[in-house]
Amino acid sequence: MLAPLPKETVYEARERSRRASRRLLLLLVVLYVVFFNMLAFVAALALAVGAPDHGTQVLGAVSRYIARHFWSLNGLLSLCGAFVAFLHYQMARSRELDSLLSIVKAAPADPKDEYHARFINIVHEAEAATGIRPIRAVVLASTGSNTFSMADGEGRAAIGATEGLLSRLDRQELSAVVAHEAAHLVHEDSSLATTVASLTAPFEATAASMKAALEHRPRAYGRHRGGVGLAAFLVWLVASLQVLVMRLLAMALSRGREYMADAAAVRMCKDPLALAEALGKISRRHRGALDIPQSFNSLFILNPDIFRLDEHSGVVAEVFSTHPPIAERIRRLLAWARAELPAGEKSEARAREGPPAPEPRDYYVKKDGEWAGPYTPSQMLALGLLSPRAWIVNPDKEMKRAADEPTLLPLLHERVAGRVAGRACPRCKVSLVAAKYEGAPVLRCAFCHGYLLPAGVLERVLTRDDRAFSREEIETARLWRARAQERDVLLKEGDASLVCPLCQSIMIASFHTQLTRVVVDRCRNPECRALWCDGGELETMQIILAETAREAEGGRQRERP
Amino acid sequence: MGFIITLAVLVGGAVVVVLYVIAVYNKLVGYRVEVDNSWSQIDVQLKRRSDLIPNLVETVKGYMQHERGTLEAVVAARARATGATNLPERMKAEGEISGLLGRLLAVWENYPDLKANQNAMQLQEELTSTENRISYSRGHYNDVTANYNTLVQRFPSNIVAGMTGFSVRPYFQIAEAEKAVPQVKF
């Protein structure tokens with residue numbers, strides 16, 4: 001469920017996040033102590049059992065010893081565990097920002113470069129908004145799109161972005177993204193993430209060394225190798241399980257923090273659409289994988305490893321990823337954007353779900369300082385002219401920002417949502433717009449009026465007849481049918497195959513049925529099976545089927561007396 | 001015996017109260033420093049904007065023929081802000097500058113020549129950023145002040161604040177400048 005936008009000050013936000021962190025650290029330390037106990041007992045028991053000659057004797061002695069000194073042993077081990085945890089915590093906190101930055105290979109932003117200068121300015125704005133200063137602006141030399149924030153134990157902070165991101169986002173979007181990173185700094189997420197990562201380290205080391213012992217030197221222990229081998233195996237098993245538990249905890253923590261940062265960013269720059277748009281762009285356009293150590297992943301706005309699970313929903317995906325699914329993040333952002341609309345416009349946005357009304361044509365939009373038009377809204381959208389800040393003139397000759405125009409706002413919402421799923425028309429290569437065709441979700445190209453139907457949607461559309469067809473459409477369908485009956489229509493060989501906008505597989509042209517003989521392109525990927533209908537084809541199919549059904553009905557009635 | 005216990009309780013109580021007073025006092029001092037500090041940050045940004053204005057007027061006056069009046073009003077408001085003797089007067093002038101600059105930035109895109117001018121592009125970026133920083137600093141100042149005021153007013157810390165002379169700080173409110181409505185020109 002959507003959490004309401006936090007109405008707290010920067011301080012309250014920081015306090016809240018500190019409380020959450022303290023609870024978590026406490027839990028971690030308890031876990032740590034328990035884990036240490038487990039490791040030691042497993043090792044002792046395994047050694048005792050494994051010793052071949054006097055196994056039972058030793059086992060008896062060990063168990064008696066453990067029973068007698070249970071609490072003092074336990075206390076000793078717990079102290080050891082807590083001490084190691086403390087050492088690691090201190091080590092994690094003492095790493096300096098410069099050394100952290102050099103691990104991810106970040107360089108300071110260059111104020112002579114225009115894009116960098118803008119980024120530096122925006123980071124200064126983040127300083128003003130959070131009161132954390134200075135925040136260093138650093139850049140990763142990568143064409144991918146990602147951003148991160150880092151802070152060390154001394155409170156030195158940095159916000160970084162890739163070159164690709166700096167060039168692709170406009171000012172509002174970059175501001176929103178930087179605000180998200182600044183929110184991480186306010187919440188002190190990066191030091192927490194580093195701490196948790198370093199707390200996992202001793203278990204990782206234990207598991208790794210046990211694995212090495214098992215693989216490489218089984219003979220070195222002579223006649224005790226059975227016992228040593230078993231002990232090593234058990235310790236490895238337990239340590240690996242513990243690593244898994246720690247990682248899962250770290251991931252759960254990281255996911256929660258991402259949502260919190262999104263909310264705080266919206267509160268800071270008051271522009272949920274821009275952040276949604278930026279997330280869409282980052283995930284859709286060349287996202288790029290970065291060569292980053294795994295423990296740093298949670299510092300980035302999107303997971304730098306391209307990891308399939310990230311974009312899937314479901315329990316497994318949720319548990320095993322450091323970042324929440326982008327679609328879900330965008331959904332929440334859009335809900336905030338919608339919540340800010342006045343009531344009248346909300347119903348406007350809902351009303352769009354009916355059958356497609358003819359679009360008003362007379363929109364003009366400002367492009368590179370010149371007015372261009374007239375366009376329909378979806379044409380502007382497909383041409384990439386429409387952004388929330390674009391100046392437009394509506395049919396009533398009023399000039400406003402696109403985001404202030406009630407008929408365009410829902411389109412902007414859809415574009416942001418559509419971008420994530422992100423697809424271009426296989427014919428015209430402009431982005432497809434999410435639309436409803438007779439109530440079924442389809443993607444529509446605003447130029448060639450072709451439709452992309454996910455698997456199963458065609459069947460739904462063909463069984464529905466909510467839509468009245470124009471005379472022109474009916475004429476086209478009848479003409480096609482007449483030609484089809486003359487066996488005039490053949491599949492054109494050698495046509496370049498289309499590429500499925502959903503899964504990038506090849507699409508194969510085939511007749512929809514011998515009855516309609518309409519040529520549609522079906523995606524070859526058996527898990528996708530999306531269908532592309534060029535402009536008019538979908539309508540033609542519907543009309544032919546409807547007419548055939550009517551004739552059959554009529555024929556049957558005629559046969560009956 | 002009873003006397004000793006009473007004494008111990010009294011002394012213990014007194015120590016707790018003194019410790020509490022010290023803690024609250026230190027917290028108040030820390031918060032007040034933050035309030036002053038974030039106020040000075042607003043000041044830094046206002047100064048920065050003030051320094052940008054002559055450059056702005058110089059750069060755009062050749063292009064923005066229709067905005068002569070706005071530019072003159074900006075210069076006049078700047079003069080009033082720098083010459084102001086008291087805070088409310090100065091803030092009123094600064095608020096006017098914000099409104100006027102917002103209007104200029106909104107119509108900026110109507111001048112293709114300006115967009116071709118490298119210097120003007122940089123200036124636009126600097127102005128936008130400075131305006132943002134001012135409004136963010138203001139928001140942050142209000143956050144910090146809310147934090148401080150809460151401590152000053154809340155029981156029982158208000159007793160300590162009253163004894164040691166901490167008083168409530170005013171919030172920084174600027175009347176939102178009227179939204180600039182650009183003219184349609186084809």
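Residues numbered from 1 in each chain as written. Chains lettered and ligands numbered in written order. Predicted model: local features only at pLDDT ≥ 70, side-chain atom pairs only at ≥ 80, totals over all residues. Heavy atoms only, no water.

Enquirer: An account of the sheet that holds strand E14 (residues 531–533) of chain A is requested, with residue identities and associated values reported.
Expert: Residue and element names in this part refer to chain A. In space, the 6 strands of this open sheet follow the order E9-E10-E11-E14-E13-E12, with antiparallel pairing throughout. Every other strand in the sheet has two partners, leaving strand E9 (433–437) and strand E12 (507–511) as the edge strands with one partner each. When strand polarity is set aside, the average angle formed by the axes of neighbouring strands in this sheet is 35°. Relative to strand E13 (residues 519–523), E12 runs antiparallel, the two sharing 5 bridges. Bridge assignment links Ser510 to a residue of E13, and that residue is Val520. (Pairing = 2+ DSSP bridges. Helix = DSSP H or I, 4+ residues; strand = E, 2+ residues; numbered from the N terminus. Axes fitted to C-alpha atoms, helices over the stretch in contact; angles between N-to-C directions.)

Enquirer: Which residues make up helix H6 (residues 157–164) of chain B, and what values go with them?
Expert: Residue and element names in this part refer to chain B. Listing the buried residues of H6 in full gives Ser157, Val160 and Ala161. The buried residues of H6 occupy an angular sector of 100° when projected down its axis, which confines them to one face. In this structure, H6 carries Gly162 and Met163 as exposed residues pointing more than 90 degrees from its buried face. Contacts from the buried residues of H6 go to helix H1 (2–60) and helix H5 (118–153). Positive phi appears at Gly165, one or two residues downstream of H6, with a value of about 80°. (Buried < 20%, exposed > 50% of the residue type's maximum accessible area, 1.4 Å probe, protein only. Arc of directions from axis to C-beta. Contact = heavy atoms within 4.5 Å.)

Enquirer: Tell me about the confidence of the model for chain B, residues and numbers included.
Expert: Residue and element names in this part refer to chain B. Within chain B, residue pLDDT values average 84, and 93% of them lie at 70 or more. Per-element confidence in chain B is highest for H1, whose mean pLDDT is 91, and lowest for helix H4 (residues 112–116), whose mean pLDDT is 77. Predicted confidence is poor over residues 176–186, with pLDDT under 50, and the contacts of this stretch with residues over four places away or in other chains come to 20 contacts. (pLDDT = per-residue confidence, 0-100.)

Enquirer: Any chance you could break down the interface of chain B and chain A for me, citing the residues and the numbers?
Expert: Reports often express the size of an interface as the amount of accessible area lost when the parts come together. Every contact between the two is made by 26 residues of chain B and, on the other side, 25 residues of chain A. When chain B packs against chain A, the two sides together hide about 2400 Å² of surface, and 51% of this comes from carbon and sulfur. Put simply, Glu125(B) and Arg171(A) hold a salt bridge, and the shortest N to O gap is 2.9 Å. In this structure, the connection of chain B to chain A is made through 8 residue pairs in polar contact (both at pLDDT 80 or more). (Buried area = accessible area lost by both parts, 1.4 Å probe. Salt bridge = Lys/Arg side-chain N within 4 Å of Asp/Glu carboxyl O. Polar contact = N/O pair within 3.5 Å; in protein donor to acceptor, adjacent residues only side chain to side chain.)

Enquirer: Let's hear about the pattern of salt bridges: which residues, and what values?
Expert: All names here are of chain B. Applying the stated criterion across every chain yields a total of 20 salt bridges over all chains. Measuring nitrogen to oxygen at the nearest pair gives 3.0 Å for the salt bridge that ties Arg90 to Asp43. You can see Arg90 sitting in helix H3 (residues 87–107) and its partner Asp43 sitting in helix H1, a full 47 residues away along the chain. Residue classification places Asp43 among the partly exposed positions, given a relative accessible area of 31%. A single network of salt bridges, built from pairs that share partners, joins Asp43, Arg49, Arg90, Glu94 and Glu131.

Enquirer: Explain a negative patch on the surface residue by residue, including any values.
Expert: All names here are of chain A. Taken together, the side chains of Asp110, Asp113, Glu114 and Glu163 make up a negatively charged region of the molecular surface. Assignment of secondary structure puts Asp113 in the loop between strand E1 (106–108) and helix H5 (114–130). Classification of Asp113 as partly exposed rests on a relative accessible area of 31%. (Patch = residues over 30% accessible without salt bridge, like charges linked within 9 Å, V, L, I, M, F, W, Y side chains within 5 Å. Areas by Shrake-Rupley, 256 points an atom, 1.4 Å probe, with all protein chains shown as cover. Lys, Arg positive; Asp, Glu negative; His and termini not counted. Charge placed at Lys NZ, Arg CZ, Asp CG, Glu CD.)

Enquirer: Can you break down a nonpolar patch on the surface residue by residue, with the values?
Expert: On the surface, Phe3(B), Ile4(B), Leu7(B), Val11(B), Val15(B), Val18(B), Leu19(B) and Ile22(B) cluster together into a nonpolar patch covering about 770 Å² of accessible area. By the secondary structure assignment, Leu7(B) is in helix H1.

Enquirer: Just give me the short version of the packing of aromatic side chains, but keep the residues and values in it.
Expert: Tallied over the entire structure, the rule returns 5 aromatic pairs over all chains. Aromatic side chains Phe233(A) and Trp236(A) sit 6.0 Å apart centroid to centroid with 35° between the ring planes, which places their arrangement in the tilted category. In this pair, Phe233(A) and Trp236(A) are both assigned in helix H9 (residues 225–269), 3 residues apart and thus about one turn of the helix distant. Residue Trp236(A) is classed as partly exposed on the basis of its relative accessible area, which comes to 25%. Members of the aromatic cluster, each reached through a chain of ring pairs, are Tyr25(B), Tyr148(B) and Phe166(B). Note that Arg138(B) overlies the ring of Phe172(B), its terminal NZ or CZ placed 5.9 Å from the centroid. (Phe/Tyr/Trp six-rings, centres within 6.5 Å; stacked < 30°, edge-to-face > 60°. Lys NZ or Arg CZ within 6 Å of the ring centre and 35° of its normal.)

Enquirer: I'd like a description of the pairing of E9(A), backed by residues and values.
Expert: Sheet topology note: the E9(A)/strand E10 (residues 440–444) of chain A ladder contains 5 bridges and is antiparallel. Among the inter-strand pairings, Ala435(A) is bridged to a residue of E10(A), identified as Val442(A).

Enquirer: An account of the packing of H5(B) against H6(B) is requested, with residue identities and associated values reported.
Expert: All names here are of chain B. As a packed pair, H5 and H6 sit with axes 5 Å apart at the nearest point and diverge in direction by 95°. Comparing the axis directions of H5 and H6 gives the class roughly perpendicular. Listed contacts from H6 to Leu151, Val152 and Gln153 of H5 are Ser157, Asn158 and Ala161. Tallied by class, residues from the contact of H5 with H6 come to 3 nonpolar, 3 polar and no charged. (Parallel < 35°, antiparallel > 145°, perpendicular 65-115°, else oblique. Nonpolar A, V, L, I, M, F, W, Y, C, P; charged D, E, K, R; others polar.)

Enquirer: Which residues make up the packing of H1(B) against H3(B), and what values do they have?
Expert: Residues and elements named next belong to chain B. Contact geometry for H1 and H3: axes closest at 12 Å, N-to-C directions at 55°. By the angle between their axes, H1 is oblique relative to H3. Here the hand of the crossing between H1 and H3 comes out left-handed. Taken together, the residues of H3 that come into contact with H1 (itself represented by Trp39, Asp43, Leu46, Arg49, Ile53 and Leu56) are Leu87, Arg90, Met91, Glu94, Ile97, Ser98, Leu101 and Leu104. (Left-handed = near helix turned anticlockwise from the far one by under 90°.)

Enquirer: So, the sheet that holds strand E3 (residues 147–151) of chain A: which residues are in play, and what are the values?
Expert: Residues and elements named next belong to chain A. Taking strand neighbours across the sheet as the criterion, the 4 strands line up as E1-E2-E4-E3 in an open arrangement whose pairing is mixed. Both outer strands of the open sheet, E1 and E3, are each paired with one neighbouring strand and no more. Across the sheet, the axes of successive neighbouring strands diverge by a mean angle of 35°, strand direction being ignored. Bridge analysis of E1 against strand E2 (residues 135–140) gives 3 bridges, and the strand direction is antiparallel. Across the sheet, Ala107 pairs through a bridge with Val139, a residue of E2. Packing of H5 onto the sheet brings it into contact with E2 and strand E4 (157–162), and relative to E2 it is tilted by some 145°. Contacts between helix H7 (residues 171–187) and the sheet are confined to E2, E3 and E4, with E3 contributing the most and set at about 25° to the helix.

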